[in-house]
Amino acid sequence: MRSVLPRTTRARAMTVARCCGLASLALLAALQAQPAAVAADAAHGAQVYKTCALCHSFERNGAGPKHAGVFGRTAGTVPDYRYSPALAKSGIVWNDATLDKWLADPQALVPGTKMFFNVDSAQDRADVIEYLEQKGGAVPTP
Ligand code: HEC
């Protein structure tokens, strides 16, 4: 009788270990699969935006137009900002795809624009676009 007990306990412990080992492997795989897929990180986007802030803010025009409400807006339509004719006439609507092209190479998307700044890293672009959408997607406050 005495020898049965430890064996059972050991067997049970092994079952638990095998089960949980597999479960945590699956969990690990799921966790690792996630960030690579899309996951734009608005918090990191806020860091990237610090470089934009040389010329932009959400509330006020500076060297560049203000960004309040920029996501979903037609390019070149902040009323009190003097755009280049090229951007003003572009008819672009700012969304994920157009912003990505713009930030990768403004001159290529809108020849003649006066924004001379680009973001090389695709991840940085995705993150700052997410930040623009979250912070600048609302209707601009007057
Ligand atoms: C060196 C100054 C400068 C920096 C840095 C800069 N921009 Fe600009 N940006 C401009 C200027 C100038 C314009 C207006 C371009 C025109 O009229 O052709 C502009 C226009 C834009 C527009 C179009 C807005 C509209 O109302 O149509 C967006 C969007 C934009 N910038 C996003 C960004 C983002 C995001 C960053 C940072 C990753 C950034 N810019 C960094 C100068 C800058």
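As the structure is a computational prediction, the values presented were derived from the model and not from experiment. (Residues numbered from 1 in each chain as written. Predicted model: local features only at pLDDT ≥ 70, side-chain atom pairs only at ≥ 80, totals over all residues.)

**Student:** I keep staring at the confidence of the model for the protein chain and nothing clicks. Help me out?
**Tutor:** Close inspection of predicted coordinates is inappropriate for parts of the model with low pLDDT. Averaged over every residue, the pLDDT of the protein chain is 82; residues scoring 70 or more account for 69%. The low-confidence segment residues 13-17, where pLDDT is below 50, has zero contacts with residues more than four positions distant or belonging to other chains. Contacts from residues 30-37, a stretch scored under 50 in pLDDT, to residues over four places away or in other chains number one contact. (pLDDT = per-residue confidence, 0-100. Contact = placed C-beta atoms within 7 Å.)

**Student:** Looking at this structure, I do not really get the packing of helix H4 (residues 96-104) against helix H6 (residues 122-136). What am I missing?
**Tutor:** The description of two helices packed together rests on the angle between their axes and the distance between the axes. It is the contact of H4 with H6, at a shortest axis distance of 10 Å, that shows an interaxial angle of 125°. It follows that H4 is oblique to H6 by the angle criterion. As for the relative orientation of H4 and H6, their crossing is right-handed in sense. Together, Asp96, Leu99, Asp100, Leu103 and Ala104 of H4 and Arg125, Ile129 and Leu132 of H6 make up the contact between the two elements. Per-class residue counts for the contact of H4 with H6 are five nonpolar, no polar and three charged. (Axes fitted to C-alpha atoms, helices over the stretch in contact; angles between N-to-C directions. Helix = DSSP H or I, 4+ residues; strand = E, 2+ residues; numbered from the N terminus. Parallel < 35°, antiparallel > 145°, perpendicular 65-115°, else oblique. Left-handed = near helix turned anticlockwise from the far one by under 90°. Nonpolar A, V, L, I, M, F, W, Y, C, P; charged D, E, K, R; others polar.)

**Student:** Teacher, can you tell me more about the site of the ligand here?
**Tutor:** The full set close to the ligand counts 26 residues, and Cys52, Cys55, Gly64, Ser84 and Met115 are the nearest of them. For the shell around the ligand, the secondary-structure elements that each account for two or more residues are helix H2 (42-52), helix H3 (85-88) and H4. (Near = placed C-beta within 6 Å.)

**Student:** Is there a simple way to think about the packing of H2 against H6 in this case?
**Tutor:** Two elements in contact, H2 and H6, have axes whose closest approach is 7 Å; the angle formed by their N-to-C orientations is 95°. In terms of axis orientation, H2 runs roughly perpendicular to H6. Residues Ala42, His44, Gly45, Ala46, Val48, Tyr49 and Cys52 of H2 form the contact with H6, whose participating residues are Asp124, Asp127, Val128, Glu130, Tyr131 and Gln134. Across the contact of H2 with H6, the residue classes tally to seven nonpolar, three polar and three charged.

**Student:** Can you help me understand H4 in this one?
**Tutor:** Residue pairs spaced three or four apart in an α-helix point in one direction, given the helix's 3.6 residues per turn. Where H4 is concerned, the buried positions are Leu99, Trp102 and Leu103. The arc that holds every buried residue of H4, seen down its axis, measures 90°, which confines them to one face. Buried positions along H4 lie against helix H5 (106-109) and H6. (Buried ≥ 20, exposed ≤ 12 C-beta atoms within 10 Å, placed from the backbone. Arc of directions from axis to C-beta.)

**Student:** Help me out: how do you make sense of H2 in this one?
**Tutor:** Every buried residue of H2 is listed here: Gly45, Val48 and Tyr49. In an axial view of H2, the angular spread of the buried residues amounts to 110°, which keeps them on one side of the axis. Exposed and facing more than 90 degrees away from the buried side of H2 are Ala43 and Lys50.

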